[in-house]
Amino acid sequence: MILESLHKIKQAETEAKKKTQEAGEEAKQLIEGAKKESEKLLAEKMREAQRQAEKIREDAGDMARKECQSLAAEWNKETEELRKEGQRNMEKAKDFILRSLLG
């Protein structure tokens, strides 16, 4: 009976070691799985951040182009107005010179 009890204890110890090893292996697999999942998630978040940064850059470029076009249109309008004003002043200057010469 004592021998049988010792045998059962030895068997329980062996099973406990086996279960501990299995639990350790399962923990390692879970850790590896979690590590791979976190790397995958990090890579996806990096790609998403890259896409957002690219979108922001493109939007900023579009805004800058629109602003440049607006400024160029305004500059062209003001230049044309100055040219017309210069033409009017030239006509006045011609008239003034002719009147001065003719007396």
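Quick notes on the rules
- Residues numbered from 1 in each chain as written.
- Predicted model: local features only at pLDDT ≥ 70, side-chain atom pairs only at ≥ 80, totals over all residues.
- Heavy atoms only, no water.
- Helix = DSSP H or I, 4+ residues; strand = E, 2+ residues; numbered from the N terminus.
- Rg over C-alpha atoms; globule rule 2.2 N^0.38 Å.
- Buried < 20%, exposed > 50% of the residue type's maximum accessible area, 1.4 Å probe, protein only.
- Areas by Shrake-Rupley, 256 points an atom, 1.4 Å probe, with all protein chains shown as cover.
- Salt bridge = Lys/Arg side-chain N within 4 Å of Asp/Glu carboxyl O.
- Patch = residues over 30% accessible without salt bridge, like charges linked within 9 Å, V, L, I, M, F, W, Y side chains within 5 Å.
- Lys, Arg positive; Asp, Glu negative; His and termini not counted.
- Charge placed at Lys NZ, Arg CZ, Asp CG, Glu CD.

K.L.:
Help me understand the overall build of the protein chain, please; the structure alone is not making it clear to me.
P.N.:
Along the backbone of the protein chain there are one helix and zero strands. Whereas a compact globule of 103 residues would reach a radius of gyration of roughly 13 Å, the protein chain reaches 44 Å, over 25% beyond that. Projected onto its principal axes, the C-alpha positions of the protein chain cover 150 × 10 × 10 Å. Across the 103 residues of the protein chain, 1% fall into the buried class. Carbon and sulfur atoms provide 61% of the accessible area of the protein chain, an area that totals close to 10,000 Å².

K.L.:
Explain the pattern of salt bridges here, please?
P.N.:
A side chain with one charge can pair with a side chain of the opposite charge if their charged atoms come near. This model, assessed by the stated rule, comprises eleven salt bridges. For Asp-62, the salt bridge is made with Arg-65, and the minimal N-O distance between the two is 2.6 Å. Residue Asp-62 and its partner Arg-65 are located together in helix α1 (residues 2-102), separated by three residues, close to a single helical turn. Judged by relative accessible area, Asp-62 falls into the partly exposed class, the value being 35%.

K.L.:
Could you clarify how one ought to interpret a negative patch on the surface in this entry?
P.N.:
Together, Glu-67, Glu-74, Glu-78 and Glu-81 line one region of the surface with negative charge. Structurally, Glu-74 can be placed in helix α1. Judged by relative accessible area, which is 43%, Glu-74 ranks as partly exposed.

K.L.:
Would you mind showing me how to read a nonpolar patch on the surface here?
P.N.:
A grouping of Phe-96, Ile-97, Leu-98, Leu-101 and Leu-102 is seen on the molecular surface, where their side chains present a nonpolar patch of about 610 Å² in accessible area. Structurally, Leu-101 is set in helix α1. On the basis of relative accessibility, which here comes to 68%, the residue Leu-101 falls in the exposed class.

K.L.:
Explain the environment of Glu-15 here, please?
P.N.:
Within the secondary structure layout, Glu-15 lies in helix α1. By relative accessible area, which is 46% here, Glu-15 ends up partly exposed. Each C-alpha atom of the pair Glu-15 and Lys-92 lies 114 Å from the other, and the pair is 77 residues apart in sequence.

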